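Chain by chain, the residues:
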Amino acid sequence: MYKVLLVDDERIILEGISNFIEWETYQTTLIGTAKNGVEAYQIIEKELPDIVITDIKMPGMNGVELVEKVHEKYPEIHFIMLSGFAEFDYAKQAMQYGVKHYLLKPCNENSIIQALKECIEEIEKIASHYRFIQEMNEKLEKMLPYAKEQLLKEFVTSESYGNKELEYYQRIFRMELRDPLIKLVLFQIEELFDYEHLFAIKNISEHLFENMILSCTVGEHVLLVIGISSQTDNLHDQMEQIRERFFQYYQKDITIAVSEAGRMIAVRKLYKQTLECLQHRFYLGEGSIITKDDISTQTMQEDDLQYDQQKFCLLVKSGRWDDARKELEQFFQQLVQLRLDIQTTKSYCVQLFNGMIRMCHPEQMKEYLLIMPQLLEMETIQSMHTLFAKVAKEISLHFYQQNKSKHSAIIQKVLHIIEKEIGNQNLSLNFIANERMFMSPDYLGKLFKKEMGERFSTYITRIRVERAIEMIDREKDVKVFEVAEKLGFTDSQYFSQVFKKQTGLTPSEYRKG
């Protein structure tokens, strides 16, 4: 029902119109009557009628003044004006405030009813128009995020967008795109995931980044455009919060790449920069936050890569896993420092891996060859190192057990004597051969090298240095000359020279380190 207010200073007219019109028949209800404009305005403020039927000429506040005052505050209220011929100038004034219905007194029932119908039709037309606009705005609000997402996808994948296109989208989206300083943030989820996880990253980011301008999914990544201001100094902390919260919800890690600052016009270049950063997760590891600074620290060249494949393979074959592990760690450390092309790095790894497994029995080698594709598919150098080390340890321990069982009773006895006489200054190959074993030193030396994989003197030196390290680690206040004496060195200075040759440090430097 539409609410109607009747205003006239003549009681007869008020009562007549009130009684002879069947208001409910025309979807209306009469909410009251007023004798002048002042009284009418009070009712209007309280009841907010849809239609006001008012006389023009009234004491206090006439009809035109009432229309003017109501139009200023409640422009949606419709008026039907009642007037005599002599008051037509008043009617013209009222029309400038949108009054369309002007009835001459005396007016009959049909003319008032027709005016009511026309007012109701106008009200419904305006309401329909308003509903349409509202529905369009609601649909637009729902569609806008997808439109903005598509815009960002096109901007980062197409070279045809420039200032003209930026101005156009800036206008239709009613948002600032050209001038703000921005950074791009690219997320990659580690392990298997589905669309729910991408959506979750966007949702978490929207809550944490107050100055997020645009976002979208590009393939398997989530891309954000962040406005840069003095309030974004904690950008790194906010990204850490996103990583932690996402891991808390899904037990999956994410790697984040961040571009340098730039303008939206350079968004394609900034996007390529984030992809380049993301590639370096191979070296920096999964779950990293990678910036341009992190990928521009290369100080070595490919020619600087130094590793001895034969030495590493010999260590593995002799079953010396601890030494082989150190050699392998040094090899991978160099690759991380070099930051070569990923395929080049993988080729070096495969070359060393292939050299190692070729020492195995053919059947065992076939099994390890099946691991090589896994090595090539690894997405980080850390995971390659882990798999490589696992296989190398397995092969080393196999050779160790094999070598151990092959050691003749003679070599077993030699090793026992070395263990017992390690602190003897006279310990040597000749001493053992002549004084303990009563056999040819030359034959014993060749047999020892064949079964142990290294010369007797090299073995003695290595064992003594290893024992020295154990003593220094165990007894922090032990003197260098005391260590030398306990391990059969007559000269502590010579002992220091041997120690440094083996470890790269003097005993004193090692203890401080």
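That block above? That's the structure.
Here goes a summary of the coordinates provided. (Residues numbered from 1 in each chain as written. Predicted model: local features only at pLDDT ≥ 70, side-chain atom pairs only at ≥ 80, totals over all residues. Heavy atoms only, no water.)

The subject of this paragraph is the nonpolar core. In terms of nonpolar packing, the biggest core is built from 36 residues, with Phe 312, Phe 332, Phe 353, Met 356, Phe 388 and Ile 395 touching the most fellow members. When contributions to this core are tallied by element, the ones reaching two or more residues are helix 10 (281-284), helix 11 (309-317), helix 12 (321-338), helix 13 (342-357), helix 15 (372-377) and helix 16 (381-406). It is helix 16 that contributes the most residues to this core, 9 residues altogether. Ignoring any residue separated from it by four or fewer positions in sequence, one finds Met 356 in contact with Phe 312, Cys 313, Val 316, Phe 388, Val 391, Ala 392 and Ile 395. Among the nonpolar cores identified, the runner-up in size contains 33 residues, and Leu 415, Ile 418, Leu 444 and Phe 489 belong to it. (Core = buried A, V, L, I, M, F, W, Y, C linked by side-chain atoms within 4.5 Å. Buried < 20%, exposed > 50% of the residue type's maximum accessible area, 1.4 Å probe, protein only. Helix = DSSP H or I, 4+ residues; strand = E, 2+ residues; numbered from the N terminus. Contact = heavy atoms within 4.5 Å.)

Here we come to unusual backbone geometry. Despite not being glycine, Gln 27 shows a phi value in the positive range, around 60°. Examined against the element boundaries, Gln 27 turns out to sit in the loop between helix 1 (11-20) and strand 2 (28-34). Judged by its relative accessible area of 42%, Gln 27 is partly exposed.

On the secondary structure map, Gly 287 appears in the loop between helix 10 and strand 10 (289-290). On the accessibility criterion, Gly 287 (14% relative accessible area) is buried. Expressed as a C-alpha distance, the spacing of Gly 287 and Phe 187, which sit 100 residues apart in the sequence, is 9.9 Å. In this structure, Gly 287 is in contact with Glu 190, Arg 243, Asp 253, Ile 254 and Thr 255, ignoring residues within four places of it in sequence.

The next point concerns the sheet that holds strand 10. Read across the sheet, 5 strands follow the order 7-8-6-9-10 without closing on themselves; strand pairing throughout is mixed. The strands lining the two open edges of the sheet, one partner per strand, are strand 7 (212-218) and strand 10. The strands touched by helix 9 (residues 267-279) within the sheet are strand 6 (182-189), strand 7, strand 8 (221-227), strand 9 (254-258) and strand 10, with strand 6 carrying the most contacts at an inclination of about 40°. (Pairing = 2+ DSSP bridges. Axes fitted to C-alpha atoms, helices over the stretch in contact; angles between N-to-C directions.)

A few words on the packing of aromatic side chains. Under the criterion given, the structure shown has 14 aromatic pairs. Centre to centre, the rings of Phe 353 and Phe 388 are 5.3 Å apart; their planes meet at 85°, and the pair counts as edge-to-face. Here Phe 388 lies in helix 16 and Phe 353 lies in helix 13, a separation of 35 residues in the sequence. Phe 388 shares its class with Phe 353; the two are buried. These aromatic residues form a ring-pair network of at least three members: Tyr 307, Phe 312, Phe 331, Phe 332, Tyr 348, Phe 353 and Phe 388. A cation over an aromatic ring shows up here: Lys 69 above the ring of Tyr 41, its NZ or CZ 4.3 Å from the ring centre. (Phe/Tyr/Trp six-rings, centres within 6.5 Å; stacked < 30°, edge-to-face > 60°. Lys NZ or Arg CZ within 6 Å of the ring centre and 35° of its normal.)

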